Each structure stands twice: as structure tokens, then as C-alpha cells.
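A structural walkthrough
Chain residues, written in single-letter form:
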Amino acid sequence: MNTRHAQLVLAVAREGSFTAAAKSLFIAQPTLSDAISSLEKELGVALFCRDGRSVKLTSNGSEFYRYVSDSLRSLDDGIDAMNRRKEQLGGTINLG
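Read on for a plain summary of the structure. Along each chain, residue indices are assigned from 1 in the same order as the chain's sequence is written. Owing to the predicted nature of the model, reporting of local features is limited to residues with pLDDT of at least 70; listing and counting of side-chain atom pairs is limited to 80 or more, with chain, interface and lining totals taken over all residues. With hydrogens and water set aside, each side-chain value is computed from the structure's full complement of heavy atoms.

Structural notes on the environment of Ala6
Working definition: helices are DSSP H or I runs of at least four residues, strands are E runs of at least two. Numbering for both runs from the N terminus. Among the structural elements, Ala6 can be located in helix α1 (residues 3-15). Given a relative accessible area of 4%, Ala6 falls into the buried group. Along the sequence, Ala6 and Val68 sit 62 residues apart, while their C-alpha atoms lie 5.8 Å from each other. Whether two residues are in contact is decided by their heavy atoms, any of which lying within 4.5 Å being enough. In this view, Ala6 contacts Met1, Val68 and Leu72; residues no more than four positions away in its chain are not counted. Only protein chains enter the accessibility calculation, which uses a 1.4 Å probe. A residue is then buried if its area is under 20% of the maximum for its type, exposed if over 50%, and partly exposed in between.

Concerning the packing of aromatic side chains
Each aromatic pair joins two rings of Phe, Tyr and Trp (for Trp, the six-membered one) with centres within 6.5 Å, and gets the label stacked for planes under 30 degrees apart, edge-to-face for over 60, and tilted for any other angle. For the coordinates displayed, the defined rule picks out 1 aromatic pair. With a centroid separation of 6.0 Å and 65° between ring planes, the pair formed by Phe18 and Phe48 is classed as edge-to-face. Here Phe18 is found in helix α2 (residues 18-25), whereas its partner Phe48 is found in strand β1 (residues 48-51), with 30 residues between them in sequence.

A few points about the packing of α1 against α2
Angles shown run from 0 to 180 degrees and are taken between the N-to-C directions of axes, each axis being a line fitted to C-alpha atoms and, for helices, limited to the stretch in contact. For the pair α1 and α2, interaxial distance at closest approach is 8 Å and the crossing angle is 125°. It follows from the interaxial angle that α1 and α2 lie oblique. Of the two possible hands of crossing, α1 and α2 adopt the one that is right-handed. Across the interface between the two elements, Arg4, Leu8, Ala11, Val12, Arg14 and Glu15 of α1 pack against Phe18, Ala20, Ala21, Ser24 and Leu25 of α2. Here the term charged refers only to Asp, Glu, Lys and Arg, the term nonpolar to Ala, Val, Leu, Ile, Met, Phe, Trp, Tyr, Cys and Pro, and the term polar to all other amino acids, Gly among them. Here the residues of the contact of α1 with α2 are counted per class, giving 7 nonpolar, 1 polar and 3 charged. The cut-offs work like this: below 35 degrees is roughly parallel, past 145 is roughly antiparallel, 65 to 115 is roughly perpendicular, and the gaps in between are oblique. Definitions for this section: a left-handed crossing has its near helix turned counterclockwise from the far helix by less than a right angle. A right-handed crossing has that turn clockwise.

What about α2?
Taken together, the buried positions of α2 are occupied by Phe18, Ala21, Ala22 and Leu25. In an axial view of α2, the angular spread of the buried residues amounts to 100°, which keeps them on one side of the axis. Structural note: α2 exposes Thr19 and Lys23 on the side pointing more than 90 degrees away from its buried face. Of the surrounding secondary structure, the elements contacted by the buried residues of α2 are α1, α3 (29-43), β1 and β2 (54-57). Pairs of N or O atoms are called polar contacts if they sit within 3.5 Å, as long as, within protein, a hydrogen donor faces a hydrogen acceptor (for residues adjacent in sequence, only side-chain-to-side-chain pairs). N-cap assignment for α2: the residue whose side-chain oxygen lies 3.2 Å from the backbone N of Thr19 is Ser17. Where α2 ends, the next residue or the one after it, Phe26, has phi of about 60°, a positive value. The directions considered for the arc are those from the helix axis to the C-beta atoms.

Bear in mind that shape data such as this cannot, by itself, settle questions of function.
What follows is the structure in C-alpha cells.
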């Protein structure tokens, strides 16, 4: 599992469709489907219930979604904190 997998889960859950999620992510739908299937195999649980062209989170998927969402939000907060710290240091160094 990596952050890309987390982003894929969020996109599919948000869009309710692999096709729409793939389009929003600018990737091919089979690539997205394969990545989600691989993640589900790794976790040993189904994250999505497929119903024709639409998908919904399973109960396991809903729980995982909360963890993924919180984790990515925390990562974004850390990046923002480092950017603020960098700005506080300010200034430039000119050589030569």
C-alpha cells in the first residue's frame, strides 16, 4: 500500500464509478481497477461493492476510507507545516 493507492480509493469513493474516477485522475480505467483489486487482495477484504457501472464502499471500505482520508489529510498538514517553516526561514543566499 502506498499513498497512490490511498488517493485511488478516495477518488473511486468520491466519484462512485471506476470510469469517472479514472477520468478525474487522468489514468486508464483498467489501470485503476487493477490497482484497487490488488489493494483489496493485499488487505484481504473487499473495499467496494460493484453494481453494474457504479460502486459503493462496503462496510470495510467505509472504515478504510476514514483511515485513508485522515492519513492523507495528516500528510498534507505536515507538508503545509514544512512549507510555513521554510517561509519563516526566508531570505536567499547569493554566491559569487
